Amino acid sequence: MNNNTTAPKQTWKDNLQKTRFVMDTILLVSFLIVLAPQSTGIVLHEWLSLVFVVPFVIHILLHWQWFISSFKQLKRAKTIRERYNFLLNYTLYLLMIFVLVSGFLVSVALFPTLGIPLKIQDFWSKMHHDSATLIMPILGLHLALHFRWIKTLITQMKKKAA
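Residues numbered from 1 in each chain as written. Predicted model: local features only at pLDDT ≥ 70, side-chain atom pairs only at ≥ 80, totals over all residues. Heavy atoms only, no water.

### Let's talk about the packing of helix α5 (residues 80–105) against helix α7 (residues 122–145)
- It is the contact of α5 with α7, at a shortest axis distance of 8 Å, that shows an interaxial angle of 150 degrees. Judged by the inter-axis angle, α5 sits roughly antiparallel to α7. For the crossing formed where α5 meets α7, the hand is left-handed.
- In terms of residue class, the contact of α5 with α7 is built from 17 nonpolar, eight polar and one charged. (Axes fitted to C-alpha atoms, helices over the stretch in contact; angles between N-to-C directions. Helix = DSSP H or I, 4+ residues; strand = E, 2+ residues; numbered from the N terminus. Parallel < 35°, antiparallel > 145°, perpendicular 65-115°, else oblique. Left-handed = near helix turned anticlockwise from the far one by under 90°. Nonpolar A, V, L, I, M, F, W, Y, C, P; charged D, E, K, R; others polar.)

### Considerations on a nonpolar patch on the surface
- A cluster of nonpolar side chains, contributed by Ile42, Val43, Val108, Leu114, Ile116, Leu118 and Ile120, occupies part of the molecular surface with about 550 Å² of accessible area.
- For Ile116, the position within the fold is in the loop between α6 (110–113) and α7.
- Judged by its relative accessible area of 37%, Ile116 falls in the partly exposed class. (Patch = residues over 30% accessible without salt bridge, like charges linked within 9 Å, V, L, I, M, F, W, Y side chains within 5 Å. Areas by Shrake-Rupley, 256 points an atom, 1.4 Å probe, with all protein chains shown as cover. Salt bridge = Lys/Arg side-chain N within 4 Å of Asp/Glu carboxyl O. Buried < 20%, exposed > 50% of the residue type's maximum accessible area, 1.4 Å probe, protein only.)

### Quick look at the environment of Val99
- Position of Val99 among the secondary structure elements: in helix α5.
- Between the C-alpha atoms of Val99 and Ile135, which are 36 residues apart in sequence, the distance is 8.5 Å.
- Once residues lying within four places of it in the same chain are set aside, the contact partners of Val99 are His128, Ser131, Ala132 and Ile135. (Contact = heavy atoms within 4.5 Å.)

### Remarks on the nonpolar core
- Counting 20 residues, the largest nonpolar core has Phe31, Phe52, Phe56, Met96, Leu100 and Ile135 as the members making the most contacts within it.
- Contributions of two or more residues to this core are made by α1 (12–34), α3 (42–62), α5, α6 and α7.
- Per-element tally for this core: the top contributor is α5, with seven residues.
- In contact with Leu100, not counting residues within four places along its chain, are Ser49, Phe52, Val53 and Phe56. (Core = buried A, V, L, I, M, F, W, Y, C linked by side-chain atoms within 4.5 Å.)

### What about the packing of helix α4 (residues 64–76) against α5?
- Closest axis-to-axis distance for the α4/α5 pair is 10 Å, and the angle between their directions is 140 degrees. Regarding the angle of α4 to α5, the classification is oblique. For the pair α4 and α5, the sense of crossing is left-handed. Along the contact surface, α4 presents Trp66, Phe67, Ser70, Phe71, Leu74 and Lys75, while α5 presents Arg83, Phe86, Asn89, Tyr90 and Tyr93.

Structure follows, in structure tokens:
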């Protein structure tokens, strides 16, 4: 008599959820590192910001189905929370793009090193600073709205690991 029980086979969706979670964690950690140029220095801040684009793009690609379907879902949203979540996610996305672009426009290390001279304008410097400051509470709200998903996924991963 064989008492060996086999674990249920993971589906591609289980692996996708795990991949999303890992990449989202990498995105959050890399964002927190890039967020504080005072701790890294401006040169490292700019180069890390360039590297940050990679997990940011991967995050968008991993959540692409939501990205596409969310416009349709907004029309069918039944609760204020669903509408708020949509608006918050897109605000965060647009703000992240703005922070990255404005950051590159005020580069004092990255572009000059690449031989691309920039005339830094005070307007873009202020916009970069202000939008980077604004992104922090929006990211906090984003994480809070997705807390249930995060908690459920961590619980599921712990159960499967045990």
